[in-house]
Amino acid sequence: MKAIRRFTVRPVLPDPLQPLSGLARNLRWSWHTETRELFQAIDPGGRRAADSDPVRLLGAVSAGRLAELAQDQQFLHRLAEVSAALQEYLDGPRWYQEQLAQGAELPAAVAYFSPEFGVTAALPQYSGGLGILAGDHLKAASDLGVPLVGVGLLYRHGYFRQSLSRDGWQQEHYPLLDPNELPLTPVREADGTPSRVVLALPGGRSLHACIWQAQVGRVPLLLLDSDVEENAPGERDVTDRLYGGGSEHRLLQEMLLGIGGVRAVRAYCRLTGHAAPEVFHTNEGHAGFLGLERIRELSGTGLDFDSSVEAVRAGTVFTTHTPVPAGIDRFDRELIARHFGDDGELPGVGVERILQLGMETYPGGEPTLFNMAVMGLRLAQRANGVSTLHGAVSRKMFAGLWPGFDAAEVPITSVTNGVHAPTWVAPEIFGLRARYGGTPGRWDAAAGIPDREIWDLRRTLREQLVTEVRTRLAASWRTRGAEPAELGWIEGVLDPDVLTIGFARRVPSYKRLTLMLRDRDRLMELLLHPTRPIQIVVAGKAHPADDSGKRLVQELVRFSDDPRVRHRIVFLPDYGMAMAQKLYPGCDVWLNNPLRPLEACGTSGMKAALNGCLNLSVLDGWWDEWFEPDFGWAIPTADGSAMDEDRRDELEANALYELIEERVAPRFYDRGDDGLPGRWVEMVRRTVSTLGPKVLAGRMVREYVERLYAPAALAHRSLDAATARELADWKARVRAAWPRVAVDHVEAVAPSTVGGSAELGAMLGLRVRIALGALEPDDVEVQAVAGRVDAADSISDAQFFPLKPGGGQDLEGRWLYEGPLALDRTGPYGYTVRVLPAHPLLATSAELGLVALPTEAAGDGAGLLMR
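Residues numbered from 1 in each chain as written. Predicted model: local features only at pLDDT ≥ 70, side-chain atom pairs only at ≥ 80, totals over all residues. Heavy atoms only, no water.

A. Inspection of unusual backbone geometry at higher detail. Between Arg596 and Pro597 the backbone carries a cis peptide bond, its omega angle lying at 5°. With a phi angle near 65°, Asp574 is a residue other than glycine that sits in the positive phi range. One can find Asp574 in the loop between β17 (569–572) and α21 (577–586). Positive phi values are uncommon outside glycine, yet Asp793 reaches one of about 65°. Inspection of the secondary structure assignment puts Asp793 in the loop between β25 (780–789) and β26 (795–809). (Helix = DSSP H or I, 4+ residues; strand = E, 2+ residues; numbered from the N terminus.)

B. The environment of Leu528, seen in detail. Looking at the element boundaries, Leu528 is found in the loop between α19 (520–527) and β16 (534–541). Those residues within four positions of Leu528 in sequence are excluded, and the remaining contacts are Arg564, Val565, His567 and Arg568. (Contact = heavy atoms within 4.5 Å.)

C. How the structure looks around helix α20 (residues 547–561). Over its 15 residues, α20 extends 21 Å from the first C-alpha to the last, a length consistent with the 21 Å expected when each residue adds 1.5 Å. If you check which residues of α20 are buried, you get Gly549, Lys550, Leu552, Val553, Gln554, Leu556, Val557, Phe559, Ser560 and Asp561. Next to the buried residues of α20 lie β3 (161–164), β4 (170–173), α18 (451–479), α19, β16 and β17. (Expected span 1.5 Å × (residues − 1). Buried < 20%, exposed > 50% of the residue type's maximum accessible area, 1.4 Å probe, protein only.)

D. Inspection of the pairing of β3 at higher detail. The pairing of β3 with β4 spans 4 bridges and is classified as antiparallel. The partner of Gln162 across the bridge, within β4, is Glu172. Following β3, the chain reverses through 5 residues before pairing antiparallel with β4; Gly168 in that reversal takes a positive phi of roughly 90°. (Pairing = 2+ DSSP bridges.)

E. How the structure looks around the sheet that holds strand β18 (residues 589–592). One open sheet accounts for 6 strands, arranged β17-β16-β15-β18-β19-β20; its pairing is parallel. Strand pairing shows two members of the sheet lacking a second neighbour, β17 and β20 (632–635), which therefore form its edges. Across the sheet, the mean angle from the axis of one strand to that of its neighbour is 20°, orientation sign disregarded. Looking at chain direction, strand β15 (residues 499–506) and β18 are connected through 2 bridges and run parallel. (Axes fitted to C-alpha atoms, helices over the stretch in contact; angles between N-to-C directions.)

F. Spatial organisation of the packing of helix α9 (residues 247–272) against helix α10 (residues 290–299). With their axes 6 Å apart at the nearest point, α9 and α10 run at an angle of 55° to one another. Relative to α10, the element α9 is oriented oblique. At the point where α9 passes α10, the crossing takes the right-handed sense. Of the residues in α10, those in contact with Gly258, Ile259, Val262, Arg263 and Arg266 of α9 are Leu290, Glu293, Arg294, Arg296 and Glu297. Taken together, the residues of the contact of α9 with α10 break down into 3 nonpolar, 1 polar and 6 charged. (Parallel < 35°, antiparallel > 145°, perpendicular 65-115°, else oblique. Left-handed = near helix turned anticlockwise from the far one by under 90°. Nonpolar A, V, L, I, M, F, W, Y, C, P; charged D, E, K, R; others polar.)

G. Spotlight on the side chain of Asn615. Inspection of the secondary structure assignment puts Asn615 in strand β19 (residues 614–618). Within the structure, the side chain of Asn615 is placed 3.1 Å from the backbone oxygen of Gly605, a separation counted as a polar contact. Excluding its chain neighbours within four sequence positions, the residues that come into contact with Asn615 are Trp590, Gly605, Ala609, Trp622, Trp623, Phe631, Gly632 and Trp633. (Polar contact = N/O pair within 3.5 Å; in protein donor to acceptor, adjacent residues only side chain to side chain.)

H. Up close: the nonpolar core. Residues Leu499, Met516, Ile536, Leu616, Trp633 and Trp680 are the most contacted members of the largest nonpolar core, which totals 104 residues. The contacts of Leu616, once residues within four sequence positions are left out, are Val589, Trp590, Leu591, Asn592, Trp633, Ile635, Leu656, Leu659 and Ile660. Ranked by size, the runner-up nonpolar core spans 56 residues in total, among them Leu207, Leu257, Ile336 and Phe340. (Core = buried A, V, L, I, M, F, W, Y, C linked by side-chain atoms within 4.5 Å.)

I. Seen up close, the pairing of strand β10 (residues 316–319). Residue alternation in β10 divides its side chains into two sets, Thr316 and Phe318 and Val317 and Thr319, and both sets are buried. Bridge count between strand β9 (residues 279–283) and β10: 4 bridges; the pairing is parallel. Along β10, the bridge assignment pairs Thr282 with Phe318. Relative to strand β13 (residues 382–385), β10 is paired through 3 bridges, and the arrangement is parallel.

J. Geometry of the packing of aromatic side chains. Considering all chains together, one arrives at 18 aromatic pairs under this definition. Plain terms: the ring middles of Trp622 and Trp623 are 5.2 Å apart, the flat faces sit at 70° to each other, and that makes the pair edge-to-face. The residues Trp622 and Trp623 share a single accessibility class, namely buried. Among the aromatic residues, those joined into a cluster by ring pairs are Trp455, Trp633, Phe668, Tyr669 and Trp680. The ring of Tyr174 is capped by Arg241, whose NZ or CZ atom sits 3.6 Å from the centre of that ring. Geometry around Trp455 places Arg462 over its ring, the cationic atom sitting 5.4 Å from the centre. (Phe/Tyr/Trp six-rings, centres within 6.5 Å; stacked < 30°, edge-to-face > 60°. Lys NZ or Arg CZ within 6 Å of the ring centre and 35° of its normal.)

K. Local environment of the state of the cysteines. With the rule as written, the count across this model stands at 0 disulfides. With no disulfide of its own, Cys210 lies closest to Cys269 among cysteine sulfurs, the gap being 18 Å. Summary of cysteine pairing: Cys613 is not part of a disulfide, and the nearest cysteine sulfur, belonging to Cys587, is at 5.5 Å. With relative accessibility at 0%, the residue Cys613 sits in the buried group. (Disulfide = S-S within 2.5 Å.)

L. Examining helix α4 (residues 63–70) more closely. What α4 keeps buried is the set Arg65, Leu66, Leu69 and Ala70. In an axial view of α4, the angular spread of the buried residues amounts to 140°, which keeps them on one side of the axis. Turning to α4, the residues buried within the fold contact α2 (33–42) and α5 (73–91). (Arc of directions from axis to C-beta.)

Written out as structure tokens, the structure reads:
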């Protein structure tokens, strides 16, 4: 019979075991080995503990076992040690507190918003890299003592669980998650009632949400849940699943995340005394509506809309993760208009003002669409991509928001992602490093580890992966309808002594899951080579609505089902954190072959590298930045050519096959007299010791603190109400006056020239007359821009030379500016002059997107030929 109602009966822990509850509820156990081992000791058989969920474990263990443990002095001693270690971790000063003690000006708190968080498999609230990155960001912030508050949504069905049909087609399953069975606690008001946030919807309706809290070490993570009794059925389903539903469903999710998320943070700070955030970090555009809620808050203090925008921008950081416009959420103008204004959220604020923040009103944009990333950029004074290359791609992609500026000057910087080592590095690797002096802060200890120990550990991890793969593959085939009698062959799948390549990704087309199948005969030869075989473990999920991605999965599955190669290549369904933590350490090579430059960062290769796995990747994302031959191999690409995609895939697949056949496999199998592949082991050592420190999430979070959070906090503090009004008024005045700003005349006091040439090292004096209209010299800066020029006189590798006022206005009302220009490069050389807005509260001179350049008639020639 089926139950008519479900609820959770919690265990009553004996008094000596009470600390277990706190340990289970703090997700630090997900990356703290001693805590995990303590919980495994509760269930020595390991079956329940293997689920890596202490909350479920405590709910399933018998009262008799609990009573036994309450008398076990050895267990109680371990419990006391682990509990004390957690308390010290939570209360002791860490890097952030040390910086404050040394006088650093840092934010009192930072609110970090993301649509998904991958903290642990026990809290399945992620779909891929964005969520895993967000989870690692919280963990690293906790380790460093950064006062972060995470904000997201609680999806009752998570993303989805993946299985395969008999013919290899992806199947999606959405198990219902009960928050009471997850490592969560409800946020409650002082009277014990659940805390709520409420959003206004069109037609007088409301969207209610309760707030659940996950504790990620020192960092609280607030998750909003719309499955509450106050909501109508449609509103209850707003947080049903991650990235599901149509446009309005997604819009409501993002309104709840951004607007409701700010309200949840305010409630949490009010109830707990946590410092109010000075900086708000938007991880991708999904949470962009948080800026609107903060504008509403400030409008209630008497600030007008424009002044509120300036105050909000000062303390906001926006991170973009997508390298393609198609990856950004965009909504129809009418849909946005219907949900805001007097009949929805932000009553009293004109809908047109709200629309202006996100509409694609720039060259190349679609003026009827509201773009969440565009709103994120317009409401954040500081923005970044997630690798150096992705920063350049983002500046080019969003250049339309800053017309008149070269893409290189678009104010989007980059902070390259990192990964949280304690989460992703196999305990065996940490143990080996520790025996040779390694600590969490020292990765160079790998230099002293003997080759034999490195190689033996690599084989042990590979053997563990083989066991894991066989277990998962058997379960997958049973789900596909196979009988046990059909599955004897699985015991021969993979070999712990064969070169093992891993490939595990989401499955959009640009990641090219099936590039390896381009020449199947050639791949078979590599898999079945008599002396240098390879084996490949593949995993990945296609979005439920992406049939093209599902076809790629099916194509790979059908190839791996072939009896000729199924012992050498496998596809594992339901890729997630639990699988990944076994996959990365057990692989020798990590494969990544996206269409360059469409990989924003690609952190899976970082996790593999920390485990001594060598990367074999297209030069995209982080690999473009840090690749060295010591760490792996770069797959040649044809991305700079105009060839069709099919031809490009063919060339790059051939390059991949050649690398594996001629360089990767020979190096793995080339053994010395001691039976060890010495050059391979040295690459493993260099990967861990030299590349390892670069790919850490701790490095990433420190960069965010120093380069983005700290400046944003200072800007926030400097922008009180009066200053915000002054800045808003100044911007309005500059924008109104800018059409009359012009470079009227440029003359050069040239050095001695011969035939239009000048000597290297000479100085060129510039005198420029500028029309400022209603503006004053203090409102602008005037620059000479110089560098090499091409045949079209376009300046590259530009340098900027400030020009200073040289006197008052002339009879025509123009201002004189002058200054020297150093001729420090040979070859074709050119210069121009430009005028930019200038104000001490601007983060960059490009912030307003305004620039005045000379007309053809203004100058006396822009080019000099250097020799």
